[in-house]
Amino acid sequence: MPICIVVEAEIKEDRMDEFLDMIEKNALGSRAEPGCTRFDVLQAADASNKFFFYEVYDNADDIANHKEQNHYKAWVAFKESGGVISSVSKKASGKFMT
């Protein structure tokens with residue numbers, strides 16, 4: 001059963017250009033990983049600095065592999081540098097998916 005991760009992140013407005021460059025590279029790199037079947041980056045309609053990441057992996061090993069990749073580590077470094085106001089991740093099992 002696929003594992004889905006939904007991240008809600010609010011980005012500091014003065015770091016948006018840096019964030020957009022980094023998250024595009026993260027999404028493209030993630031999509032090329034074996035076992036990552038989806039990595040979407042969505043921008044909230046009501047707040048230009050709020051984003052949602054929708055990620056789907058085949059299994060837990062694929063998530064562990066994802067966390068070892070440099071494009072994922074760039075996201076971690078961005079958060080650690082203070083570019084994020086808040087970030088909340090939720091994990092779910094895929095039930096009815098296309």
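Bear in mind the structure is a predicted one, so any value in this text is a computation, not a measurement.

Rules of the game
- Residues numbered from 1 in each chain as written.
- Predicted model: local features only at pLDDT ≥ 70, side-chain atom pairs only at ≥ 80, totals over all residues.
- Heavy atoms only, no water.
- Pairing = 2+ DSSP bridges.
- Helix = DSSP H or I, 4+ residues; strand = E, 2+ residues; numbered from the N terminus.
- Axes fitted to C-alpha atoms, helices over the stretch in contact; angles between N-to-C directions.
- Contact = heavy atoms within 4.5 Å.
- Polar contact = N/O pair within 3.5 Å; in protein donor to acceptor, adjacent residues only side chain to side chain.
- Core = buried A, V, L, I, M, F, W, Y, C linked by side-chain atoms within 4.5 Å.
- Buried < 20%, exposed > 50% of the residue type's maximum accessible area, 1.4 Å probe, protein only.
- Salt bridge = Lys/Arg side-chain N within 4 Å of Asp/Glu carboxyl O.

**Observations concerning the sheet that holds strand S1 (residues 3-11)**
On the basis of which strands lie adjacent, the open sheet formed by 4 strands has the order S2-S3-S1-S4 and antiparallel pairing. Of all strands in the sheet, those bounded by a partner on one side alone are strand S2 (36-43) and strand S4 (84-93). The average angle at which neighbouring strand axes cross in this sheet is 15 degrees, direction not considered. Sitting on the sheet, helix H1 (residues 16-31) touches S1, S2 and strand S3 (50-57), and the angle it makes with S2 is about 160 degrees.

**Observations concerning the side chain of histidine 66**
Tracing the backbone shows histidine 66 in helix H2 (residues 60-66). A distance of 2.9 Å separates a polar atom in the side chain of histidine 66 from a polar atom in the side chain of glutamate 33. Apart from the residues lying within four places of it in its own chain, the contact partners of histidine 66 are Asn26, Ser30, Glu33, Phe39, Glu55, Tyr57, His71 and Tyr72.

**Some remarks on the pairing of S1**
Pairing geometry for S1 and S3, over 8 bridges, is antiparallel. When the bridges of S3 are listed, isoleucine 5 appears paired with glutamate 55.

**Concerning the nonpolar core**
Formed by 20 residues in total, the largest nonpolar core has its most connected members in Ile11, Phe19, Phe53, Trp75 and Phe78. The contacts of phenylalanine 19, once residues within four sequence positions are left out, are Ile11, Phe51, Phe53, Trp75 and Phe78.

**Let's talk about the side chain of aspartate 62**
In this fold, aspartate 62 is placed in helix H2. The residues contacting aspartate 62, other than those within four sequence positions of it, are Glu33, Pro34, Gly35 and Tyr57.

**Some thoughts on the pattern of salt bridges**
Considering all chains together, one arrives at 4 salt bridges under this definition. The closest approach of N and O atoms between lysine 50 and glutamate 8, which form a salt bridge, is 3.5 Å. Here lysine 50, found in strand S3, pairs with glutamate 8, found in strand S1; they are 42 residues apart in sequence, far enough to count as distant. By relative accessible area, which is 23% here, lysine 50 ends up partly exposed. You can call glutamate 8 partly exposed: its relative accessible area is 34%. The partner of aspartate 40 in a salt bridge is arginine 38, with the nearest N and O atoms 2.5 Å apart. Overall, arginine 38 belongs to the partly exposed group, its relative accessible area being 40%.

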